[in-house]
Amino acid sequence: MTFLQPFLLIALPLISLPIIIHLINRQRHRTIPWAAMMFLLDAKRMSRGMARLRYWLIMAMRMLAIAGLIFAVSRPLASGWLGSAIGGGADTTIVILDRSASNEQQELQTSQSKRSSALDKLTDLFETVGFKGQLVLIENTENKAIPIELAARLKQMPETQATATSSDIPAMLQTALDYCVANQTGRTDIWICSDLRSHDWIPDDGRWTALRNEFERLDGVRFYLLSYPEPADDNLSISVHNARIRKAAGTAELTVDVSIRRDGTSNSIEQIPIEFIINGARSVLNIDLTENEFSLRGHTIELDPSTTSGWGRVELPPDSNPQDNVFCFVFATPPIQRAVIVADDEQSAAALRTALSAPIDPSITDESIVLTPDHIDELDWTTTSLIVWQSPLPDARVAEQLEAFAKSGRPVIFFPPTRSTAGSAFGMQWGNWKVGTENQAIPITSWRSDSGLLRQTQNGQPLPVGNLKVFRHLELTGEANHLAQLDGGSLLLGQATQTDGPVFFCTTLPRASHSTLAQDGVVFYVMLQRALSIGSATQSTARQVTAGSEAARQINNWNPLYSTREDMISSLRWTQTGVMQQDDELVALNRPTAEDALTILDQQQINDLFGALEFRQIQEELSNRSALASEIWRAFLITMALALILEALLCIPEHRSSSSTDRSTRLAQTRTTPEPVTDR
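On a predicted model such as this, the values are computed, not experimentally measured, just so you know.

Caption draft 1: A look at the sheet that holds strand β13 (residues 281-289). Across the sheet, which stays open at both edges, the four strands sit in the order β13-β12-β15-β16 with antiparallel pairing between neighbours. Two strands in the sheet have a free side with no partner beyond their single neighbour: β13 and β16 (326-332). Mean inter-strand twist for the sheet, computed between neighbouring axes without regard to direction, equals 20°. In the sheet, strand β12 (residues 270-278) pairs with β13 via nine bridges, with the strands oriented antiparallel. Each residue of the ladder has a partner; that of E275, found in β13, is V284.

Caption draft 2: Region of interest: the environment of M527. By secondary structure assignment, the location of M527 is in helix α11 (residues 521-539). Look at M527 and you get buried, because its relative accessible area is 3%. Linking M527 and A355, residues 172 residues apart in sequence, is a C-alpha distance of 9.4 Å. When near neighbours in sequence (up to four residues on either side) are disregarded, M527 contacts F415, L453, L454 and L493.

Caption draft 3: Just helix α8 (residues 207-216), in detail. Of all the residues in α8, the buried ones are R207, W208, L211, R212 and F215. Mapping the buried residues of α8 onto a view down its axis gives an arc of 135°, with all of them on the same face. Tucked inside the fold, the buried residues of α8 contact α6 (169-183), β8 (188-194), α7 (198-201), β9 (221-227) and α13 (603-610).

Caption draft 4: Broad picture of the environment of P464. Assignment of secondary structure puts P464 in the loop between β22 (444-447) and β23 (472-477). By relative accessible area, which is 32% here, P464 ends up partly exposed. The spacing of P464 and D520 is 56 residues in sequence and 9.0 Å in space, taken between C-alpha atoms. Leaving out residues up to four positions away in the same chain, P464 has contacts with V522 and V523.

Caption draft 5: Broad picture of the packing of aromatic side chains. Under the counting rule described, the total for this entry stands at 15 aromatic pairs. Seen from their ring centres, W311 and Y562 are 6.2 Å apart, and the 25° between their planes marks the pair as stacked. Taken together, the positions of W311 in strand β15 (residues 309-315) and Y562 in strand β28 (residues 559-563) put the pair 251 residues apart, joining distant regions of the chain. Given a relative accessible area of 17%, W311 falls into the buried group. Among the residues examined, Y562 registers a relative accessible area of 14% and is labelled buried. The structure contains a cluster of three or more aromatic residues connected by ring pairs, namely W201, W208, F215, F223, F610 and F615. When the ring centre of Y562 is taken as origin, the NZ or CZ atom of R313, which lies over that ring, is 4.1 Å away. The ring of W433 carries the charged tip of R472 above its face, separated from the ring centre by 5.5 Å.

Caption draft 6: The pattern of salt bridges, seen in detail. All chains considered together, the criterion is met by 21 salt bridges. In this structure, R553 and E142 form a salt bridge, with 3.2 Å as the shortest nitrogen-oxygen distance. With a gap of 411 residues between them, R553 in helix α12 (residues 550-554) and E142 in the loop between β6 (134-139) and β7 (146-148) connect regions that are remote in the sequence. Of the residues examined, R553 reaches a relative accessible area of 31% and is grouped as partly exposed. Under the relative-accessibility criterion, E142 is labelled partly exposed at 27%. When the shortest N-O distance is used, the salt bridge between E293 and R261 registers 3.3 Å. Residue E293 is located in strand β14 (residues 293-303), and its partner R261 is located in strand β11 (residues 251-262); the two are separated by 32 residues in the primary sequence. When salt bridges that share partners are traced, they join E142, E550 and R553 into one network.

Conventions used here
Residues numbered from 1 in each chain as written. Predicted model: local features only at pLDDT ≥ 70, side-chain atom pairs only at ≥ 80, totals over all residues. Heavy atoms only, no water. Pairing = 2+ DSSP bridges. Helix = DSSP H or I, 4+ residues; strand = E, 2+ residues; numbered from the N terminus. Axes fitted to C-alpha atoms, helices over the stretch in contact; angles between N-to-C directions. Buried < 20%, exposed > 50% of the residue type's maximum accessible area, 1.4 Å probe, protein only. Contact = heavy atoms within 4.5 Å. Arc of directions from axis to C-beta. Phe/Tyr/Trp six-rings, centres within 6.5 Å; stacked < 30°, edge-to-face > 60°. Lys NZ or Arg CZ within 6 Å of the ring centre and 35° of its normal. Salt bridge = Lys/Arg side-chain N within 4 Å of Asp/Glu carboxyl O.

Right, here's the structure in full:
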């Protein structure tokens, strides 16, 4: 227990005041022997034991009443260690708020989400403890420090409302670190409000090590993790892929692939109505959900033959998370998928061109061009969907052009040059060639199958990445998200983190002397075709964009055709699910599908991420409505009142029966009244 006014506890010695008064009274009265009192003392000794007990009880009640009063005015908190931590008074408090789509899981009875519950509890905590330091908010969409004057504003700000985005917790911690260093924040409490989804925390990210080291150098920084890891038992999420328009013989139809995921452990058969809204027309398709994942491939919807583009959405019935019940899509005649291969190795270039020249969808036109590095100026940047770079890293001028290309959402994939070279790009640098022990293949120990170029197929089957054999790989240094890793921790495939666009690095070549990428062509083909599809999608007049991404921010001023949050201010439309239009271009904004993955950090992962940092976790549930800290001074006032009442009852004189009184009176009269003298 801690106190909001702890300095008032210096009055606690006043508890001994009744004893001091008692001792003073004993010294003040002098005993004078008097014969008549001897009879009264004799009578009093008969009940001395009970009288002494009652006397000490009265004394204890008076002391308890004083103690209750002192504790009450000191404003105690019933919050255990949390109260003692908050009661210390931080100079700065930083709130890192995870506004990701998964954090909108709600309690159905109250419609309160994990995000809003965390905001309510923090606001209540700050108001209860009378927070007087600097309060700062860092949320995931803008990722910048926002000073807040009053804690009560925290849950009313547009920057704390629901979004359809993902969070990057390491990036938000880096912003908090920069703020602490730049402002010399002194003693700082950092509150992290999150549902602990692995997709948002990125536990394998290389930034965590640097963050731990930098925070350890700061004095007085403490972390509090307000977590809501509880998954929903009845939540469904829906997504749409490959929305395509097909025309033949004077007809037109829309083809879509629909995926539904069910959280929880239930395997019961459930009939789910899926509502399609296409260019304003509604239709309903009922499906039987027998497992936790459902895929509807190639679902066709007839369109007007004159249709060349359009938009639509699919909706599920309301459940515990409204953010994943709607998915928007747009469609238009697909553009030519054009890949440019910049290579100095003819054998690798041939393998790359073969994989890129066979489109997954026969209705799409593919085109692959091979250039040498000295002909890079011939590259048509505007019509290219994908650049594959197999040569020494480019100079600064070309690297800048590649960065602009990647920021538009079109991928760049680097393969190693045949010889080790100097130079760097996107924060990455090639090292030396490594071979397996005794020329044996180096095992691939792990790869990400939930997202990225190596994710599992739409029917849930993993790619056979583990069957690949890697004999030689070029060392790579720099910060990257590991998508595939070799035995010993070396990177096989990674995505650079020092750029906003999709920039990938593969550390081996599609040559028989280096790997079986080309021979076991499934992984190689799927990886390249997925990258090509990503780039082509950004060039179409109808494209999908992830809500909260840089690409979404750039279209925020477009005309909104639909939004799941019509009440959201216009400057934040890019963080919501919806459809935007400008001229003949259509863009569908949706949550990242990785938000649907129910992968939650375990306790060991959390401990590893924070390491030696001062860190405490408060694990909450939506059904828990108790405050993080509450004052309990009323309990002490009630205790004081009860002590005074008991003291008053104990002070009531003892009732004596009339018979005993008469007997005592007669005894006293017998001993004090002289015999009458008779005159004889």
